[in-house]
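In case you want the letters, here they are:
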Amino acid sequence: MSLPANLQSRSAGKCELCSAETSLEAFALPYSDGQAANEVALCSTCTEQVTKSEDFDVNHLRCLNDSMWSTVPAVQVLAARMLNRLNAETWAQDLKDMLYLDEELQAWVDQEPAEEDMIKHVDSNGAVLSAGDNVVIIKDLNVKGTSFVAKRGTPVRNISLTNNPEHIEGRVNGTRIVIITQFVKKS
Ligand SMILES: [Zn+2]
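Let me sum up the structure you'll find in this document. (Residues numbered from 1 in each chain as written. Predicted model: local features only at pLDDT ≥ 70, side-chain atom pairs only at ≥ 80, totals over all residues. Heavy atoms only, no water.)

1. Side note on the coordination of the zinc ion
Here comes step 1: Note on the zinc ion: its protein donors are Cys 15 (SG), Cys 18 (SG), Cys 43 (SG) and Cys 46 (SG). The metal-donor distances range over 2.2 to 2.3 Å.
Here comes step 2: Considering all 4 donor atoms around the zinc ion, angles at the metal cover 104 to 118° and the coordination shape is tetrahedral.
Here comes step 3: Mapping the donors of the zinc ion onto the primary sequence gives the spacing C-x2-C-x24-C-x2-C. Of this pair, Cys 15 sits in the loop between helix H1 (5-11) and strand S1 (25-28) while Cys 43 sits in the loop between strand S2 (39-42) and helix H2 (44-50), placing them 28 residues apart in sequence. In this structure, Cys 15 and Cys 43 share a single accessibility class: buried. (Donors = N, O, S within 2.8 Å, 3.2 Å for Na, K, Ca; no water. Tetrahedral: all angles 85-135°; square planar, octahedral: opposite > 155°, others 65-115°. Helix = DSSP H or I, 4+ residues; strand = E, 2+ residues; numbered from the N terminus. Buried < 20%, exposed > 50% of the residue type's maximum accessible area, 1.4 Å probe, protein only.)

2. A short note on the pattern of salt bridges
Here comes step 1: Tallied over the entire structure, the rule returns 4 salt bridges.
Here comes step 2: In this structure, Glu 169 engages Arg 176 in a salt bridge whose closest nitrogen and oxygen atoms are separated by 3.3 Å.
Here comes step 3: In this structure Arg 176 comes out as partly exposed when scored by relative accessible area, which is 40%. (Salt bridge = Lys/Arg side-chain N within 4 Å of Asp/Glu carboxyl O.)

3. Side note on the layout of surface pockets
Here comes step 1: The computed volume of the second largest pocket comes to approximately 300 Å³.
Here comes step 2: Taken together, the elements giving at least two residues each to the lining of the second largest pocket come down to strand S6 (141-142) and strand S11 (175-180).
Here comes step 3: No other element matches S11, which puts 5 residues into the lining of the second largest pocket.
Here comes step 4: Its residues assigned to classes, the lining of the second largest pocket shows 8 nonpolar, 2 polar and 2 charged. (1 Å grid on protein atoms, 1.4 Å probe; cavity = no way out; pocket = protein on both sides within 12 Å on 5 of 7 lines; lining within 4 Å. Points joined across faces, edges and corners; volume = space filled by probe spheres on them. Nonpolar A, V, L, I, M, F, W, Y, C, P; charged D, E, K, R; others polar.)

4. Points about the nonpolar core
Most often, soluble globular proteins keep nonpolar side chains buried together rather than apart.
Here comes step 1: Counting residues in each nonpolar core, the largest one holds 38 residues, and the members touching the most others are Cys 15, Leu 17, Leu 29, Leu 42, Leu 64 and Leu 78.
Here comes step 2: Contributing elements (two or more residues each) for this core: S1, S2, H2, helix H4 (73-85), helix H5 (90-98) and helix H6 (103-109).
Here comes step 3: The greatest single-element share of this core, amounting to 8 residues, is contributed by H4.
Here comes step 4: Not counting residues within four places of it along the chain, the set of residues in contact with Leu 29 comprises Asn 38, Val 40, Ala 74, Val 77, Leu 78, Arg 81 and Trp 108.
Here comes step 5: Ile 137, Ile 168, Val 172 and Ile 179 belong to the second largest nonpolar core, which has 16 residues in total. (Core = buried A, V, L, I, M, F, W, Y, C linked by side-chain atoms within 4.5 Å. Contact = heavy atoms within 4.5 Å.)

This is the structure we're talking about:
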């Protein structure tokens, strides 16, 4: 996975929320104001955090303390939305109170998708998948970019979610691969 060139140069190869330099991916904000670029470079931990609506890794999200001041509108909007979701955390509410956004950006923040629009990953049976789950592959899969086949019945432990609801990632034969959710079953 690599970032599109424009994001790579804007982010300087760092997660735009927490500055991690590994496993960066472009994350598209579910709603945009229609003008500003709406993609943000995120590490896998932050991608996981911004695609859920509860059970946040509160310590990791302390990074919002810095990223909410980003000069990139999409990053600021995403940070503000995350602060909104952390409404049980006093520190997050304090940060939110400090953050001043102009009207246009505030309107963008307020387009926060309803929970039912959040990205949901479901397996072949419709069971909701979460990061860290174990799954089993239910069909022989040719793995793109490698010469091996991920065999039916192969367990994949500790999966991670991507911002595509049809894709998860996990390690098979020691290689991290993208797996289509309809070909796995939660175990
Ligand atoms: Zn991050």
